[in-house]
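Survey of secondary and tertiary structure
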Amino acid sequence: MPLSADLIVDAALRIAGAEGIDALTMRRIAQEFDTGPSSIYAHVINKDELLDLMLDRVAAGIDVPKADPDDWQEQARDVARAIYRVFSANADVARIALATIPTGPNMLRVTEGLLAVLVAGGVPIQQAAWSVDRILLYISADAYEGSQFMARQRESGLPMREFGPAFREQVRTFYASLPSETFPCTSANADILTSGGGDDRFEFGLDLILTGLAAKLPAPDA
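Residues numbered from 1 in each chain as written. Predicted model: local features only at pLDDT ≥ 70, side-chain atom pairs only at ≥ 80, totals over all residues. Heavy atoms only, no water.

1. A look at the packing of aromatic side chains
Applied cut-off: Between rings of Phe, Tyr and Trp, where Trp is taken as its six-membered ring, a pair exists when centres lie within 6.5 Å; planes separated by under 30 degrees are stacked, by over 60 edge-to-face, and by other angles tilted. Here a strand is any run of E in DSSP of at least two residues, a helix any run of H or I of at least four, and the numbering for each starts at the N terminus. Partly exposed residues are those whose accessible area sits between 20% and 50% of the maximum for their type, while under 20% is buried and over 50% is exposed, using a 1.4 Å probe and protein chains only.
In the structure shown here, the tally under the stated rule is six aromatic pairs. Seen from their ring centres, Tyr 84 and Phe 202 are 3.9 Å apart, and the 10° between their planes marks the pair as stacked. Of this pair, Tyr 84 sits in helix α5 (residues 72-89) while Phe 202 sits in helix α12 (residues 198-215), and the two are 118 residues apart along the sequence. In terms of burial, Tyr 84 and Phe 202 fall into one category: buried. An angle of 45° between the planes, with centres 6.1 Å apart, marks the rings of Phe 174 and Tyr 175 as tilted. Accessibility expressed as a relative area gives 49% for Phe 174, which makes it partly exposed. Following the ring pairs from residue to residue traces out a cluster consisting of Tyr 84, Tyr 138 and Phe 202.

2. Let's talk about the side chain of Asp 56
What counts, and what does not: Only four residue types enter the charge count, namely Lys and Arg as positive and Asp and Glu as negative; His and the chain termini do not. Criterion for a salt bridge: a side-chain nitrogen of Lys or Arg within 4 Å of a carboxyl oxygen of Asp or Glu.
Relative to the helices and strands, Asp 56 is located in helix α4 (residues 47-59). In this structure Asp 56 is buried but unpaired, with Arg 109 as the nearest side chain of opposite charge at 7.6 Å.

Here you go:
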């Protein structure tokens, strides 16, 4: 099969998923096709373009509903959850999103759809524009933290079902051991500080953003 940009993106996503995005080089991708880096550059200008193509490829799996003014908060939550699921499922892709402005057709479709949902719900365009930016930043940072956690898990050699609980217990024990005269709130609440999974914490943060946004909406007769 002739080499193409699509095949190169496929390989790049496989490598990033298995080895992390730091392992992603044109030479490493070329090895997947038993060729040299120059063959890759014939289809992708540079690594920055490749990263943009990777981000846009995974964004193709994000569904965005038609804006409904009566259900804008739940629609915004659904879009945010969809982005979070896709970013989390694709290893270090969230790291790409943190360092770029969406310009690919799929990411533009997602940001346009989310913006339309907020505007339909009565959010003034300035607040809606900044909210889309902040929501994407929140999702990307959360998903990227998850990718870093997965990298630690890979390095440990332990399956996630063992690594996750062991890591949380290590943090809990450390917090509990802190001197109470210096860190009274932290040491006394080690169990609470380390409770809840990633999804629980993501939902909590997303609710803070959207309920806070709703509270800033102008009155209907304004």
